[in-house]
Amino acid sequence: MLPLLTNGHYAVFAIVMFVIIFSLTLHEFGHAYSAKLLGDDTAEKMGRLNLNPLNHIDPVGLLAVVLIGFGYAKPVPITPRKLKPHWGSAAVAAAGPFMNFLIALVAVNLQAAAWVFDIASLQSQVAQTSLSFLAMINILLMLFNLLPIGPLDGHYVMEWLLPKRYKYQYHQLNGKYGTMFFMALIVLSILGVPIFSFLWSAAQTMSGWINFVV
């Protein structure tokens, strides 16, 4: 993110920041809305069941995005015992990445539709650049958050997917070492080790898979 500013690409920086704020807001809203649907009104009572970025964006997390290219939003609070189905925690966790998938799906197909259906308003450089970033950033957010480590959404999903005899072992291991492993990946990535290059490649491949406008 910083190179965009230092190299004078202010318009691109503004587009990327808007996309990140928009995407993180809808990601967290997805968690809050799914929790409400499944019987937990904790997020609603704490003012998180809305699309106001101020209620979802963490200033420090957003600053971290600018400085090191990685950040975070405010976690949505839930009360697991209020969730009616036994798979409620996994569903609420998956709702955030699923929201990112929906955003990417719309962005990819709008970008293609601009040329297939000759939609002039979507053919401008600003529109195409915005849709491209919207698609890639949301696919990356989805894939990254589904990693089954540390505090990421994926570890709740993994606990539900694992056979019962392995759930407790995984829960204990992730609770003890997950955050440490997660932070190690981030630090190595900042230092230049291409830890997440496979996510970028996967995002590029997936963007082709979800393009249904031909």
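Report on the accompanying structure. Note that the structure is predicted; figures quoted are calculated from it, not measured.

Describing the overall build of the chain
Part 1: Counting its regular elements, the chain contains nine helices and zero strands.
Part 2: Its C-alpha radius of gyration of 18 Å places the chain within 12% of the 17 Å reference for a compact globule of 214 residues.
Part 3: By the burial criterion, 43% of the 214 residues in the chain qualify as buried.
Part 4: When contacts within the chain are restricted to residue pairs at least 6 apart in sequence, those whose partners lie at least 24 apart make up 68%.
Part 5: As displayed, the chain has an accessible area near 12,000 Å², and 70% of this comes from carbon and sulfur atoms.
Part 6: If the 11 positive side-chain charges of the chain are averaged to one point and the 8 negative ones to another, these points end up 12 Å apart.

Points about the packing of aromatic side chains
Part 1: This structure, assessed with the given rule, holds four aromatic pairs.
Part 2: Centroid distance F98 to F101: 6.3 Å. Interplanar angle 25°. Geometry classified as stacked. One end of the pair is F98 and the other is F101, both in helix α5 (residues 88-116) and three residues apart, which spans about a single turn.
Part 3: The exposure class of F101 is partly exposed, given its relative accessible area of 23%.
Part 4: Between F144 and F182 the ring centres are 6.0 Å apart and the planes differ by 45°, which places this aromatic pair in the tilted class. In this pair, F144 is assigned in helix α6 (residues 125-145) and F182 in helix α8 (residues 164-190), connecting sequence segments 38 residues apart.

Description of the environment of P194
Part 1: Within the fold, P194 resides in the loop between α8 and α9 (197-209).
Part 2: Separated by 17 residues in the primary sequence, P194 and Y177 place their C-alpha atoms 22 Å from one another.

Things to note about the nonpolar core
Part 1: Grouped together as the largest cluster of nonpolar side chains are 43 residues, with contacts concentrated most on M1, I20, I139, L143, F144 and F196.
Part 2: Mapped onto this core, the elements with two or more residues apiece are α2 (10-37), α4 (59-68), α5, α6, α8 and α9.
Part 3: What I139 contacts, discounting residues up to four positions off in sequence, is A104, A203, M206, S207 and I210.

Comments concerning α5
Part 1: Its 29 residues place the ends of α5 41 Å apart at the C-alpha level, agreeing with the 42 Å of an ideal helix rising 1.5 Å per residue.
Part 2: A maximum bend of about 30° is found in α5 at A95, where proline P97 lies one to four positions downstream.
Part 3: One or two residues past the end of α5 sits D118, with phi positive at roughly 50°.

Description of α9
Part 1: In this model, α9 (13 residues) spans 19 Å end to end at C-alpha, consistent with the 18 Å of a helix rising 1.5 Å per residue.
Part 2: Of all the residues in α9, the buried ones are L199, A203, M206 and S207. In a view along the axis of α9, the buried residues occupy a sector of 105°, so they form one face of it.
Part 3: Where α9 is buried, its residues contact α5 and α6.

Reading guide: rules and limits
- Residues numbered from 1 in each chain as written.
- Predicted model: local features only at pLDDT ≥ 70, side-chain atom pairs only at ≥ 80, totals over all residues.
- Heavy atoms only, no water.
- Helix = DSSP H or I, 4+ residues; strand = E, 2+ residues; numbered from the N terminus.
- Rg over C-alpha atoms; globule rule 2.2 N^0.38 Å.
- Buried < 20%, exposed > 50% of the residue type's maximum accessible area, 1.4 Å probe, protein only.
- Contact = heavy atoms within 4.5 Å.
- Areas by Shrake-Rupley, 256 points an atom, 1.4 Å probe, with all protein chains shown as cover.
- Lys, Arg positive; Asp, Glu negative; His and termini not counted.
- Charge placed at Lys NZ, Arg CZ, Asp CG, Glu CD.
- Phe/Tyr/Trp six-rings, centres within 6.5 Å; stacked < 30°, edge-to-face > 60°.
- Core = buried A, V, L, I, M, F, W, Y, C linked by side-chain atoms within 4.5 Å.
- Expected span 1.5 Å × (residues − 1).
- Bend = angle between axes of the 7 residues up to and from the residue.
- Arc of directions from axis to C-beta.

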